[in-house]
Amino acid sequence: MKRINRIKFGFIILLMLVICTACNGSVTRDIRHDGFSIGGTFVCDPFYPKNKDDTSYDRIRYFIGSHLINQNGEIYELTLSQPFTGGQNCRKAGTNIIVKAIFDNKIIKAADGKYYYLLAQNNVPGYTEIPITDNSYLVYDILLKEEDVVKVVTADSSAGVFYVLKVDGNVYAYRIMAADRQSPPQLVSIQIVYDKMNYGGSIVDFNYSGDSLMTFIRTDEKLFRMRITNSKECNKYADVSCTFEMQEDLVYEKYKNRIIAYNGSNLITDYKQIFNVAS
C-alpha cells in the first residue's frame, strides 16, 4: 500500500508539472504574439513566492535597467546579462537609502528628504548625496521637493518640460524656465498630461519617450503602451514613417497576475522568463 501511495503521489506531482508547463507555454505564446520576443531568465529570489500559499515575497515598484526598487523603497542592484556571484540577477544594494521618488532613473529623493545619485556620475559614486553645487540641483529641488511626487521623467529638455507622477494618480507636465543664464530656474506652469480618469484608475507607473515603444502608462489593473499602427508599411518602405498610438494592452491585463515587472522595454513573468519589447 505504501508503494502504491508513493506512486500515486509521484503521478500527481508529475501531472501538476505538466499542467503548469502547459500553462506557462500559453502565457509565453500570448505575450510573444503581443509584440515581445523571448529573452533570458530572471533569478531574483526575494521577488518570487516560495509556494502557491506564500504572500510574504517582495514586490517590485520600479524596474529600471540598472536597479529594482521594491514597494518599501529599498534598492536592489540588477544585472540581466549575467548573474552576480551566487547565481542571482539581483542583490541588495549596499546602502540604507529608502527611495521616495525617482527622476529619470538616475536621481532619487530619499526618505530623509535629501537627493542622491542612483548611478555614478562624473566620477561620483552612486548613492552619494547630491551637493547644492550641482548645476542641476535647483531643477531637482523644484521637481522632487513636493511630498506627493513619486516619479519624474524628462519629456522635452530643450523646452524645460518634465512629466511628474503624483500620489493622486495623475501625471502632470511641469515647465521650468530661467529668465536668463544668470537667473535661477523657476516653475512657470503645471497641467495634467495623463488624467487617471482616462485610464480606468490611478496611474501607478509610467514612462515617456515620445513616439516610442518604451512609452507606457500603467494602473493597478490596466496597461496602455505605445504601439506602431502601420508596422508592415513603415518597416518595408524607406519613405513611410511609422505612426504611433497609445493602446490598451489586453494581453497584459489577462496575465497581470503572472507578471512581476514591466518597464516599457522588458517584461518579467512569475516563471522567471524575461521578454523584450519587439514591435
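Remember, it's a predicted structure, so these values are computed and weren't measured experimentally.

Asker: Mind showing me how you'd approach the confidence of the model for the protein chain here?
Answerer: Atomic detail in the predicted coordinates should be set aside for any region of low pLDDT. Scored by pLDDT, the protein chain comes out at a mean of 91, with 92% of its residues at no less than 70. Confidence drops under a pLDDT of 50 for residues 9-19, and excluding neighbours within four residues, the segment shows zero contacts in the predicted structure.

Asker: For this particular structure, what's the right way to read the pairing of strand β7 (residues 107-110)?
Answerer: Every regular strand shows the same layout, with side chains that alternate between the two sheet faces. Burial along β7 is two-sided: the residues Ile107 and Lys109 and Ile108 and Ala110 are all buried. The sheet contact formed by strand β6 (residues 99-103) and β7 spans four bridges and is antiparallel. Opposite valine 99, over in β7, you have alanine 110 as the bridge partner. Connecting β6 to the antiparallel partner β7 that follows it, the hairpin turn spans three residues, and aspartate 104 within it adopts a positive phi of roughly 55 degrees. Where β7 and strand β8 (residues 115-117) come together, three bridges link them in antiparallel fashion.

Asker: Can you walk me through the layout of surface pockets in this structure?
Answerer: One way to see where empty space is left: roll a probe the size of a water molecule over the atoms. Roughly 1000 Å³ of volume is contained in the largest pocket. Taken together, 31 residues form the lining of the largest pocket, with Tyr57, Asn257, Ile259, Ile260 and Asp270 sitting closest to its centre. When grouped by side-chain class, the residues that make up the lining of the largest pocket number 16 nonpolar, four polar and 11 charged. Roughly 360 Å³ of volume is contained in the second largest pocket. Forming the boundary of the second largest pocket are 18 residues, of which Ser136, Val139, Ser157, Gly160 and Phe162 lie nearest the centre. A total of three residues in the lining of the second largest pocket trace back to one element, the largest contributor, which is helix α2 (residues 137-144). For the lining of the second largest pocket, the class distribution of residues is 10 nonpolar, six polar and two charged.

Calculation notes
- Residues numbered from 1 in each chain as written.
- Predicted model: local features only at pLDDT ≥ 70, side-chain atom pairs only at ≥ 80, totals over all residues.
- Heavy atoms only, no water.
- pLDDT = per-residue confidence, 0-100.
- Contact = heavy atoms within 4.5 Å.
- Buried < 20%, exposed > 50% of the residue type's maximum accessible area, 1.4 Å probe, protein only.
- Helix = DSSP H or I, 4+ residues; strand = E, 2+ residues; numbered from the N terminus.
- Pairing = 2+ DSSP bridges.
- 1 Å grid on protein atoms, 1.4 Å probe; cavity = no way out; pocket = protein on both sides within 12 Å on 5 of 7 lines; lining within 4 Å.
- Points joined across faces, edges and corners; volume = space filled by probe spheres on them.
- Nonpolar A, V, L, I, M, F, W, Y, C, P; charged D, E, K, R; others polar.

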